[in-house]
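Report on the structure
As a plain string of letters, each chain reads:
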Amino acid sequence: MGKNIKSKSSNKFSLRQFAWNGFNMTVGIAFLGSLALLANKPTADDPNNAGLGLNMIWIFLIMALVTGTCAFAFAKLARYHNQDNNGGSYIFARSAFGRLVGFIICMLGYILIPLLLANQILMFVKANLDPTMSTGGATGPFWWSDWTTHLGNWKSLVFDLVGVALSAFFCLVAFFGAKTYKKVAKYSLIVKWASAGFLILFGVVAACLPQNSGNIQSWADNSSISFSTFLKAFCACFYYFTGFETFATAGKTVKEPEKNVSRGIMIVTVAAGIFYIVMTLLFMFAQTTFTQNIMTGFWIPFRDGMEQLQWLFYAGPIIMIISTIAMRGNMVSQTTLYGGATLQPLSQEGYISDKFAQLNSSHFPANAMKLNIIIVSITIGVWLIIPDILVGIFGPEADFININTIISATSVFWIVIYVFILAALLKYGFKGIIGVAWYEGIIYILAMLCLSVVFAYHYYDLFKTAFAQGAVLQDKVALGIEMGFVAIVIIMITCIYMAYYKPKYNKRMKSNSASQKKLNYEFRVLDGWLFLKGKIYANALSFFSKRSKLVNDHYDDLSSEKFQKKYEKSTESFLRKSKKQLMNYLQYSESIQHYNAQKGNDSRKEVFVHNQEAVKFMTQVQTRIKTKPADYLFLSTINKEVIGKEA
């Protein structure tokens, strides 16, 4: 029995694995391709370029701050909700605003999964092998471009079908259990980052070449910005900072989720912001323009450059194509897992069949993952395959779907989710349920305002472009596609909630209200003791480590007045801080208990047990901290072991 439990536990992701998976799902080198439209100045061939130049650096910084604020709010809420349940943002919206809002957020979060996969398939092969995409049009043909000519108008369909086949392979990985999933994720990430490292290495080399010394000045000289171009860039690139809430939905697959989910989110968000800013600067030093696909376009200058480096024109793209397959494959396998994890709480609540709530031995929702694949297949057919067939029949003028259309749609859905997450935390802070300092509240409100403006501008610009004088048919169709998709989502959410869930809920309340009460209890607000206990433990160990150094440094001078003052000051400081933590915890746990009671969730027993444990644990820590210097030399050797057992 114990052996099986250990085995199951070992299948869960550690904090390091969880953060690494999240980083790889959120971050990738391909984001540089978007800079072709945003950073490059407008030209006759590309009149739609924004010409932001170096302004992209501080725009990325602002996006990092906004998404970082959202991530911090998400992480904070994760400490006060049951993360041993799958669901992520759904849990927070459900506990703060009720079942209907929770269901809407869960559906919006789920819809992002098929859109993400459609994006991955679109970029799987087409972005690398389609000469018009891979070279940015005006830079000239690639060495493999001739082989695509015989495909004619059907090349997009061929590329996307190959992408679907590759995606199908990676989708199946999660069904072979956690060990297989981890192995595939590990090796695909090795390929991804090894090849991306190859690109980064040559970016560094190019940035250091004497002939490129004026590149950064060229970007500075050709930088301009307006309110509209800023919002355009924000909406387009916001997509690249999102995703942390998606990988955080699979709480059951993580060790100690009450602590590691929140920590993993913050690690991923900070790392993503640093990565994007550093990479943007690096490649601005390396070249004066960006191609539509940095994976292949970066190597074009080597074709006519130094003879010793011309081989890179052939080898570079091949390596980057391998990188793309590994990168997209890893993303597809992860979204298969997290897509199922997002569907699972819908089953637990009764929005869909109960069988989709079942977990396999690896804590993966296998049935929900199967349903996810079916829904994803339908989405891919609507967004990719059907448009490809239309292009094959009617020609390029029927090509209305592109990567920017999908990216814009996903960004808007993420913005809605983030606004609700910020609103949930502000509600709890206002009610005194979760500690939110006044300056935190201001930051959250500013982030909400920023996201709301971007959301409003996105649709304003969409309608303005479609109905402007000289607008082409593609602009109108793009508007119709996105608004039609939004309409379908709204109708689907309304029908599922009103026609399927509501009758099922009413029947359950009449026949078995106890089961609904038990279900509601899963969405109670926790008192946060498990997280605080780990934090106090870490602080205590840090304190003991510093004190040990202090005692050892004054080994021959333990009775001096100077040492005694330092010793007592450090003790008083820690005791004051720990006492404040305890009092804040007791105060908020009482408010949380009242809030849960209002929602029909009686958490008095849980809060009472945790309060007793908190007082006992803090007393034990404080007692050991009051140890006299003379006795400390002996006790310091066992403090870590003793406190560790108590934690």
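Residues numbered from 1 in each chain as written. Predicted model: local features only at pLDDT ≥ 70, side-chain atom pairs only at ≥ 80, totals over all residues. Heavy atoms only, no water.

Some remarks on the overall build of the chain
- In terms of regular secondary structure, the chain is built from 25 helices and zero strands.
- Counting over 647 residues, the chain shows a buried share of 54%.
- Restricting the contact set of the chain to residue pairs at least 6 apart, pairs at least 24 apart contribute 81%.
- Put simply, the chain shows about 28900 Å² of open surface, and 64% of that area lies on carbon and sulfur atoms. (Helix = DSSP H or I, 4+ residues; strand = E, 2+ residues; numbered from the N terminus. Buried < 20%, exposed > 50% of the residue type's maximum accessible area, 1.4 Å probe, protein only. Contact = heavy atoms within 4.5 Å. Areas by Shrake-Rupley, 256 points an atom, 1.4 Å probe, with all protein chains shown as cover.)

Section: the environment of S515
- Within the fold, S515 resides in helix α21 (residues 513-521).
- A polar side-chain atom of S515 sits 2.7 Å from the main-chain carbonyl oxygen of N512. (Polar contact = N/O pair within 3.5 Å; in protein donor to acceptor, adjacent residues only side chain to side chain.)

Regarding empty space enclosed by the protein
- Applying the stated criterion across every chain, the model contains two cavities of 30 Å³ or more.
- Put simply, the second largest cavity is a space of about 30 Å³.
- Taken together, A409, V412, F413, Y459, E482, F485 and V486 make up the full set of residues lining the second largest cavity.
- Elements supplying a minimum of two residues to the lining of the second largest cavity: α18 (403-430) and α20 (473-511).
- Classifying every residue of the lining of the second largest cavity by side-chain character gives six nonpolar, no polar and one charged. (1 Å grid on protein atoms, 1.4 Å probe; cavity = no way out; pocket = protein on both sides within 12 Å on 5 of 7 lines; lining within 4 Å. Points joined across faces, edges and corners; volume = space filled by probe spheres on them. Nonpolar A, V, L, I, M, F, W, Y, C, P; charged D, E, K, R; others polar.)

Considerations on the side chain of N520
- Mapped onto the elements, N520 comes out in helix α21.
- A residue is classified by how much of its surface remains accessible, and N520, at 16% relative accessible area, is buried.

Points about the nonpolar core
- Residues I29, M56, F60, F275 and L451 are the most contacted members of the largest nonpolar core, which totals 136 residues.
- The leading source of residues in this core is helix α6 (residues 99-124), at 15 residues. (Core = buried A, V, L, I, M, F, W, Y, C linked by side-chain atoms within 4.5 Å.)

Notes on the pattern of salt bridges
- This model, assessed by the stated rule, comprises four salt bridges.
- R524 serves as the salt-bridge partner of E606, at 2.9 Å between the closest nitrogen and oxygen. With a gap of 82 residues between them, E606 in helix α24 (residues 604-625) and R524 in the loop between α21 and α22 (529-553) connect regions that are remote in the sequence.
- Residue R524 is classed as buried on the basis of its relative accessible area of 10%.
- K533 is the partner of E613 in a salt bridge, and the nearest nitrogen-oxygen pair spans 2.6 Å. Here the residue E613 occupies a position in helix α24, and K533 occupies one in helix α22, the gap between them amounting to 80 residues.
- Taking the relative accessible area as the measure of exposure, E613 reaches 29% and is therefore partly exposed. (Salt bridge = Lys/Arg side-chain N within 4 Å of Asp/Glu carboxyl O.)

Quick notes on the environment of C208
- By secondary structure assignment, the location of C208 is in helix α10 (residues 178-208).
- Counting along the chain gives 77 residues from C208 to F285, while the straight-line C-alpha distance between them is 8.0 Å.

Re a nonpolar patch on the surface
- On the surface, a cluster of nonpolar side chains totalling about 980 Å² of accessible area is made up of W154, V158, V162, I374, I378, V382, I386, I389, L390, I393 and F394.
- Mapped onto the nonpolar patch, the elements with two or more residues apiece are α9 (155-171) and α17 (366-394).
- By residue number, the principal contributor to the nonpolar patch is α17, which donates eight residues. (Patch = residues over 30% accessible without salt bridge, like charges linked within 9 Å, V, L, I, M, F, W, Y side chains within 5 Å.)

Points about the packing of helix α12 (residues 227-238) against helix α19 (residues 438-467)
- α19 packs onto α12 with a crossing angle of 100° between their chain directions and a minimal axis gap of 10 Å. Accordingly, the angle class assigned to the pair α12 and α19 is roughly perpendicular. Along the contact surface, α12 presents F227, S228, L231, K232, F234, C235 and F238, while α19 presents C450, L451, V453, V454, Y457 and H458.
- Residue composition of the contact of α12 with α19, by class: 10 nonpolar, two polar and one charged. (Axes fitted to C-alpha atoms, helices over the stretch in contact; angles between N-to-C directions. Parallel < 35°, antiparallel > 145°, perpendicular 65-115°, else oblique.)

Observations concerning the packing of aromatic side chains
- On inspection of all chains with the given rule, the structure shows 30 aromatic pairs.
- Ring plane angle 40° and centroid distance 4.2 Å describe the contact between Y351 and Y501, whose orientation is recorded as tilted. Placement of the pair is Y351 in the loop between α16 (312-349) and α17 and Y501 in helix α20, with a sequence separation of 150 residues. As far as burial versus exposure is concerned, Y351 and Y501 are alike and both buried. (Phe/Tyr/Trp six-rings, centres within 6.5 Å; stacked < 30°, edge-to-face > 60°.)

What about the confidence of the model for the chain?
- Summary statistics for the chain give a mean pLDDT of 78 and a share of 81% for residues scoring 70 or more.
- Across the chain, the element-wise mean pLDDT spans from 38 in helix α1 (residues 2-10) up to 91 in α19.
- Ignoring residues within four places in sequence, the model shows residues 1-10, a span with pLDDT below 50, making four contacts including any to other chains.
- The low-confidence segment residues 630-647, where pLDDT is below 50, has 29 contacts with residues more than four positions distant or belonging to other chains. (pLDDT = per-residue confidence, 0-100.)

Description of helix α2 (residues 15-26)
- If you check α2, its first and last C-alpha atoms are 16 Å apart, about what 12 residues at 1.5 Å a residue would give, namely 16 Å.
- By the burial criterion, the buried members of α2 are F18, A19, N21, G22, F23, N24, M25 and T26. (Expected span 1.5 Å × (residues − 1).)

A look at the packing of α19 against α20
- Orientation of α19 relative to α20, taken along the N-to-C sense of each, is 140°, at an axis distance of 8 Å. The orientation of α19 with respect to α20, classified from their angle, is oblique. Classified by chirality, the crossing of α20 by α19 is left-handed. Between α19 and α20, the contacting residues are H458, Y459, L462, F463, T465, A466 and F467 on the first element and D475, K476, L479, E482, M483 and V486 on the second. (Left-handed = near helix turned anticlockwise from the far one by under 90°.)

With respect to helix α23 (residues 561-598)
- When the terminal C-alpha atoms of α23 are compared, their 56 Å separation across 38 residues agrees well with the 56 Å that a helix rising 1.5 Å per residue should span.
- Phi turns positive one or two residues past the end of α23, at G600, with a value near 85°.

Quick notes on the side chain of R524
- Reaching out from R524, the side chain makes a polar contact with the backbone oxygen of Y521 at a distance of 2.8 Å.
- Polar side-chain contacts of R524 include one of 2.9 Å to the side chain of E606.
- Leaving out residues up to four positions away in the same chain, R524 has contacts with Y80, H81, N596, N601 and E606.

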